[in-house]
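An overview of the molecular structure
The residues making up each chain are set out below.
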Amino acid sequence: MRIPGALLTLMLCSMALAAPAPVVRNRAPFPPNAFYMLPLGAVKPEGWLKRQLQIQAAGLSGHIDEFWPSLTPDSGWLGGTGESWERGPYYMDGLVPLAFLLDDARLKAKAGKWVRWTLENQRADGAIGPEKNKDWWPIMVMLKVLTEYQEATGDARVVPLMEKYFAHQLASLEKQPLDKWAIYRWPDEALSVAWLYNRTGDRRLLDLARLLSKQGYNWRAQFEDFQFRGKAQKGETALKTHVVNNAMALKTSAIWWLFSRDAADRRAALGQLEVMDRFHLLPNGVHAGDEHYAGRSPSQGTELCAVVEGMFSVEHMIAILGDAALGDRLEKMAFNPLPGACSGDMWSHQYDQQPNQVLCTLAKRDWTTNGDESNLFGLEPNYGCCTANFHQGWPKFAASLWMATAGDGLAAMAYAPSRVAARVAGGVDVELVEQTEYPFRDNIGITVNPSATAKFPIDLRVPGWATEARIALNGKAVAGVRAGTFHRIERRWMKGDRIELVFPMKVRVSRWHQDSAAIDRGPLVYSLRIGEDWRKLRDKAPAADWEIYPSTPWNYALDIDMANPEASVEVVEKPVGDTPFSSQGAPVELRVKGRRLEKWTLVNNSAGPLPPSPVASPAPLETLTLIPYGSAKLRVTAFPWLAR
Ligand SMILES: [Zn+2]
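Residues numbered from 1 in each chain as written. Predicted model: local features only at pLDDT ≥ 70, side-chain atom pairs only at ≥ 80, totals over all residues. Heavy atoms only, no water.

1. Section: the overall build of the protein chain
Note the following rule: Counting from the N terminus, the helices are the DSSP runs of H or I reaching at least four residues and the strands are the DSSP runs of E reaching at least two. The reference for a compact globule is 2.2 Å times residues^0.38; the radius of gyration itself is calculated from the C-alpha atoms. The classification of residues rests on relative accessible area computed with a 1.4 Å probe and restricted to protein chains. Under 20% of the type maximum is buried, over 50% is exposed, and intermediate values are partly exposed. All accessible-area figures derive from a Shrake-Rupley calculation using a 1.4 Å probe, and residue coverage is judged against the displayed protein chains alone. In summary, the charge assignment counts Lys and Arg as positive and Asp and Glu as negative, without counting His or the chain termini. By convention, charge coordinates are those of NZ in Lys, CZ in Arg, CG in Asp, or CD in Glu.
Helices and strands together make up the secondary structure of the protein chain, namely 19 helices and 25 strands. For 644 residues, the compact-globule formula gives about 26 Å, and the C-alpha radius of gyration of the protein chain, at 24 Å, lands near that figure. When the backbone C-alpha atoms are referred to their principal axes, the protein chain occupies close to 85 × 60 × 50 Å. A burial count over the protein chain gives 62% of its 644 residues as buried. Accessible area of the protein chain: about 23,000 Å², with a carbon and sulfur share of 52%. Of note, the protein chain has its 73 positive side-chain charges centred 3 Å away from the centre of its 71 negative side-chain charges.

2. Considerations on the coordination of the zinc ion
In a perfect tetrahedron of four donors around a metal, the angles come out at 109.5 degrees. In a perfect octahedron of six, they are 90 or 180 degrees. Worth spelling out the cut-off: Coordinating donors are taken as N, O and S atoms within 2.8 Å of the metal, stretched to 3.2 Å for Na, K and Ca; because water is absent from the atoms, sites can appear incomplete. Geometry assignment treats four donors as tetrahedral when all angles are between 85 and 135 degrees, treats four as square planar and six as octahedral when opposite donors are over 155 degrees apart and all others between 65 and 115, and treats everything else as irregular.
In this structure, Glu303 (OE), Cys305 (SG), Cys385 (SG) and Cys386 (SG) serve as the protein donors to the zinc ion, at separations of 2.0 to 2.3 Å. Relative to the metal, the four donor atoms surrounding the zinc ion lie at angles of 93 to 122 degrees, and the coordination shape comes out tetrahedral. Going along the chain, you hit the donors of the zinc ion in the pattern E-x1-C-x79-C-C. Of this pair, Cys305 sits in helix α15 (residues 304-321) while Cys386 is found in helix α18 (residues 385-389), placing the two residues 81 residues apart along the sequence. We note that Cys305, like Cys386, is buried.

3. Observations concerning the pairing of strand β5 (residues 402-405)
The line we're drawing: Paired strands are those between which DSSP finds at least two bridges.
Across three bridges, the pairing between strand β1 (residues 35-37) and β5 is antiparallel. Among the inter-strand pairings, Met37 is bridged to a residue of β5, identified as Met403. Pairing of β5 with strand β6 (residues 410-412) involves three bridges; the strand directions are antiparallel. Paired with Met403 across the two strands is Ala411, which belongs to β6.

4. Side note on the sheet that holds strand β8 (residues 428-436)
An order of β2-β7-β8-β9-β14-β11-β12 is seen for the seven strands of this open sheet, with the pairing classed as antiparallel. Strands with a single pairing partner mark the edges of an open sheet, and in this sheet they are β2 (43-45) and β12 (476-477).

5. A closer look at the packing of aromatic side chains
Heads up, the rule is: The pairing test for Phe, Tyr and Trp rings, Trp by its six-membered ring, is centres within 6.5 Å, and the orientation test on the planes gives stacked under 30 degrees, edge-to-face over 60, and tilted for anything in between. Two thresholds decide whether a charge sits over a ring: the Lys NZ or Arg CZ must be within 6 Å of the ring centre and within 35 degrees of the ring normal.
By the definition in use, this model includes 37 aromatic pairs. Joined through ring pairs, the aromatic side chains of Trp48, Phe335, Trp394, Phe397, Tyr415, Tyr438, Phe440, Trp465, Phe503 and Phe581 make up one cluster. In this structure, Arg87 is placed above the aromatic ring of Tyr383, and the distance from its NZ or CZ to the ring centre is 5.0 Å. Taking NZ or CZ as reference, Arg596 lies 6.0 Å from the ring centre of Tyr556, over its face.

Structure follows, in structure tokens:
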């Protein structure tokens, strides 16, 4: 049979579209990663996660460029004379993955317009971006955007544009060295340099990376002799104590290890995280910084940019280093502080969120440096960086749920409803369908659909807290499952093979500032549900700034058996509805007992210093309801607890 040429072209095109884009692995001299990111678009959200991305698309992310002056058509990144620094690239860094993960034509058209301007306006010397921008830093963000766009679209202009830009930068850096933010954020560019090197093998890129490292800040040295062991004091704050810089810097030594091949760099990556945890970790899973190092009091805050940048750092750390505990960390950040700083409809967000957040108002608080707007839910409370930058959080998390294994299989890094299409086992296309309401439920089902029977590994992360984890394959229990590891199943997979995971979620207590207690169950941390009275402070149609006043008391101490918290907590499951990250839509409630603690009061408009536990109270015993941190916009997360 003769097939007409046009039809043949059409058939080949549709076949080409159906085949997953290849995974690009590390090229020598880089050592191999533990795992590799799949090209953007390989993982698609399903179930509640897809709804969450749709909420985001229907909220600020899908509309902010229609009315926010920093992103209106006057932007320098669209050829205008307006904002020409970081905001356009920040927005694209979230909008591009959001558009392609949802396969949303409207958002793809928006994102395409911005990216095309950069692609079509490279200057003769290789420079990119608005002419009036003289700062290397915002271009570092745009480079990330370009790599995402290339993966999602296969646009053939991206690689040559980046080659020419990097050659220009290599030739210019001696005369125009890294400055200000770029000095501290150079590892983000190193990531894009590595991305391009893996595709072209041009060794001048290795020279460029060495120059960036030489001109850039030495984060490893800061953490090998760490001086900032509490809340930064006046006169101490600098770009090296800035929480967003620190969140971005978490990945420094992992990335730099690819270039240096020095085992000490590899070790330093986890060492840096440990140091940050020891002095600045909060019970919601992020480091305190409002917006400089802020210590461990749960009334201090964390800037939203630090949450999304911290997630991005951890996504790359887990790919390079392969430590299962980093997956626990990623889930904790994605499921708690990310939704915790955004309203349920994602039309407003906070600059600083607090684990103990009992009043969100325009008022003075004990931030290290931030202003009086910082914990409002609004359009651009305090400063507009988070307004431009928070969009990357959910989409990049969704895109990182699955990665490729070094052995040409697939690995589950974090869990949420999704499907992934990838090429495995040297050329077999496979789709995995993950059905679950995790993290609100403890069971996950994965159906494996290879295009042909093929042998390849599937690595399943078993969370560190899942000490009674069970895995079954086609109904038969799998042996040797251990918490805190990747469990590998390597076999000849057939269409319809089914993996069932159960991660029993026991109630756990962790100890924090002043010996306070936080309640975790699975990857979720639970907070006191406080009645929320939302009052519109300013109309910024179609957005608004909101204050939230508590309509119920918050100053409780828990009456729990610290050694056996399961005995003190009743778990009530509710349907996982359309807005799980809202107080009324919380899909899980925990019932616990507690007593009011009259001496624990507001101080400077935040929950006052935590009374050291154990505490005593003559108040009557009450039943309290805890809900997921991300659902509670007012909340107490670090509780005093009663002597028994
Ligand atoms: Zn910010």
